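# Tertiary structure, described
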Amino acid sequence: MNSNTKMLYGIIHIGSTALSMRIVSYHNLDDIQVIEEVAKEVTFGEEVYLNKKLSFASVNRLCSMLNGLKQLLNDYQVKEYSVYATAVFREAENKRAILDLVHVNTGFDVQVLDMSQEIYLEHFALQHQLRKYNHKNSHSLGSDFLFVDITSGAMGLTVWQGGVLTYQHDIHVGTLRLLETFSANQRASRDYPDALAEYIHAVMRPVWKTIEQYHPSTLVFSGRESRIIARLLGWPVIKHNMAICSPEKINSLYDAVGRQSSSHIRQAYGITEAEADVVLPTIHIYREILEHVPANKVVMMGTTFLESLSMYYGAGKTDDQAIVEMQIQNLKLTESIAEGYYYEPKHAHCMQNYSHIIIEAFRSVNGMGKREEFLLSMALILSQIGKYVNLIDSSRNTWSLIRSIDIFGISEKEKDAVACIAFYEHKGMPEEDDYAFKLLDDSMKMTVLKLIAVFRLVRAMDISRKQKIQDVTARMVDDTLLIEYDTSARTALESWFFEKENDLFKSVFGIEAKLERR
């Protein structure tokens, strides 16, 4: 893309409490012009949490609203757009039917974001904005942050130390989910505030031992709930993007509203009923965090999820360096996860280097992009964590562990792919009935086959774990991928294993790979 070119596109978000759209002219992350933004409050999330599904009447109403947004896109002559849904679709038992009805009635193909993706996209925008603010203000916010992003269905806790992502965990304790945990009569009881506090503590208690060891000095609260709390404190964060305060300010608000009813909060602060309902769960979550994280500062962010989507979409389309930096952060975080089980960093880094060289050498014919290479890197890092459980059937253990942990920034579908790649890291050919392979859809199956084939080659090249093969280069010579290297060591073991794995590579890509010493 030409550096002077601007993109015009639309982003639609189907949320639990609002349907919103933003049309933007995008140049770069610091030059985004909002052409139009509209939002309409909805109760779809409440319906899904109560009934586990969205009624057809509600789906029809949603389709009507989406067609209105489609007309607005046409009015602005916007040809490029994307539609996303979060918890309201993610939690609905009839998600497949909803997606089909929306497509049939509006023509929109909706991307349903997993919880970890939702938190990741929010974090992408937040860290860019905070990095920019810190740079302009002599790093006044410090360098150790705990990001707390609360949504209707979940909460993401992310630790960022000195520019490095060191911890991330998602908890199913969103505001609407908390509200639906208690009945209307229970929420009206005088015992409700104490019961709510005890329940939140019980759910969050397991994460504190880990988070406390990072000693974050600044708390960053984001999401719709943080914007509501900021308004109660008299801070217009939407206009100024952020508000900075002391933890005592949050504690003072807790003392003022922590035991009040929603109706009292609504009347006292002039907010809507829907906003008042989430104040109590939010302020109790904040109190729980402040009691375990002795931070010096609190930052309330005004960034909306729609804004985050708009930023990430444009950055992705223009191959912005921020995307690469976030992926590097993700891999660092993945390494820290692996270190908690079993991990050989030199071996993993060596294989990552080999795989990048090999994929680049025949990228024009392998059909793989940067995203696929990123997933392979994750699999290379996590491929041995099952040995932490036991050495017998470690591949099955690895597969189970990968599928059970939070991996920041990838979807559940991609996580299943990473787990499957690791499962076949040293033996077997994926078959349609294999439990690790049959979970994948057809398009992902082919991608996984390709990545397994590359994985097995690079594993063979460092099978001794001694990094003997140095100065690797790769190039296509007719229909052969020629991989050359220098070494003063004996590499019979590596050569023998490489030859063994070459059959799989040849069957997947239709070309032969050769490993030769210069």
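About the criteria used
Residues numbered from 1 in each chain as written. Predicted model: local features only at pLDDT ≥ 70, side-chain atom pairs only at ≥ 80, totals over all residues. Heavy atoms only, no water. Helix = DSSP H or I, 4+ residues; strand = E, 2+ residues; numbered from the N terminus. Expected span 1.5 Å × (residues − 1). Bend = angle between axes of the 7 residues up to and from the residue. Buried < 20%, exposed > 50% of the residue type's maximum accessible area, 1.4 Å probe, protein only. Phe/Tyr/Trp six-rings, centres within 6.5 Å; stacked < 30°, edge-to-face > 60°. Lys NZ or Arg CZ within 6 Å of the ring centre and 35° of its normal. Pairing = 2+ DSSP bridges. Axes fitted to C-alpha atoms, helices over the stretch in contact; angles between N-to-C directions. Contact = heavy atoms within 4.5 Å. Left-handed = near helix turned anticlockwise from the far one by under 90°. Nonpolar A, V, L, I, M, F, W, Y, C, P; charged D, E, K, R; others polar.

### So, helix H13 (residues 273–292)
With 20 residues, H13 should reach 28 Å at 1.5 Å per residue; the first-to-last C-alpha distance of 30 Å fits that figure. Of all the bends in H13, the greatest reaches close to 30° and is centred on Val279; the proline Pro281 follows between one and four positions later. Judged by how many residues are buried, H13 sits mostly within the fold: 15 of 20 residues are covered.

### A short note on the packing of aromatic side chains
Counted under the stated rule, the structure contains 20 aromatic pairs. Consider the rings of Tyr9 and Tyr26, whose centres lie 6.2 Å apart with planes at 45°: the pair is tilted. Of the two residues, Tyr9 sits in strand S1 (residues 7–14) while Tyr26 sits in strand S2 (residues 18–28), which places them 17 residues apart along the sequence. Tyr9 gets classed as buried once you look at its relative accessible area, which sits at 0%. Relative to Phe108, the ring of Tyr81 has its centre 5.4 Å away and its plane inclined at 80°; by these criteria the two rings are edge-to-face. With Tyr81 in strand S4 (residues 80–85) and Phe108 in the loop between helix H4 (95–106) and strand S5 (110–112), this pair connects stretches of sequence that are 27 residues apart. Joined through ring pairs, the aromatic side chains of Tyr120, Phe124, Tyr312 and Phe408 make up one cluster. Taking the ring centre of Phe108 as reference, the NZ or CZ of Lys70 above it sits at 5.6 Å.

### Quick look at the sheet that holds strand S12 (residues 470–477)
Spatially, S12-S13-S14 is the arrangement adopted by the three strands of the open sheet, whose pairing is mixed. If you trace the sheet from one side to the other, it starts and ends with S12 and strand S14 (512–517), each paired once. Adjacent strand axes in the sheet meet at a mean angle of 20°, parallel and antiparallel pairs treated alike. Looking at chain direction, strand S13 (residues 480–486) and S14 are connected through six bridges and run parallel. Pairing of Leu482 across the sheet is with Lys514, part of S14. This element, helix H16 (residues 345–361), spans S12 and S13 of the sheet and lies at about 20° to S12.

### Comments concerning the sheet that holds strand S8 (residues 164–171)
Across a sheet, strands are paired by hydrogen bonds formed along the backbone, either parallel or antiparallel in direction. Judged by pairing direction, the sheet is mixed, and its six strands sit side by side in the order S8-S7-S6-S9-S11-S10 without closing on themselves. On the outer flanks of this sheet lie S8 and strand S10 (242–245), each paired with one strand and no other. Strand after strand, the sheet turns through a mean of 15° between neighbouring axes, direction not considered. With respect to the sheet, helix H8 (residues 192–212) is in contact with strand S6 (144–150), strand S7 (155–161) and S8, its orientation differing from that of S8 by roughly 170°.

### Brief notes about the pairing of S6
The element S6 is extensively covered by neighbouring structure, given that six of its seven residues are classed as buried. With seven bridges joining them, S6 and S7 adopt antiparallel strand pairing. Residue pairing across strands places Val148 opposite Leu157, the latter belonging to S7. For S6 and strand S9 (residues 218–222), the ladder comprises five bridges, and the chain directions are parallel. What sits directly across from Phe147, in S9, is Val220.

### Concerning the packing of helix H5 (residues 115–136) against helix H15 (residues 321–339)
The geometry of H5 relative to H15 is characterised by a closest axis approach of 11 Å and an angle of 115° between their N-to-C directions. Where H5 crosses over H15, the two elements pack in a sense that is right-handed. Counted together, Tyr120, His123, Phe124 and Gln127 of H5 and Ala322, Ile323, Met326 and Asn330 of H15 form the full contact between these two elements. For the contact of H5 with H15, the residue count by class is five nonpolar, three polar and no charged.

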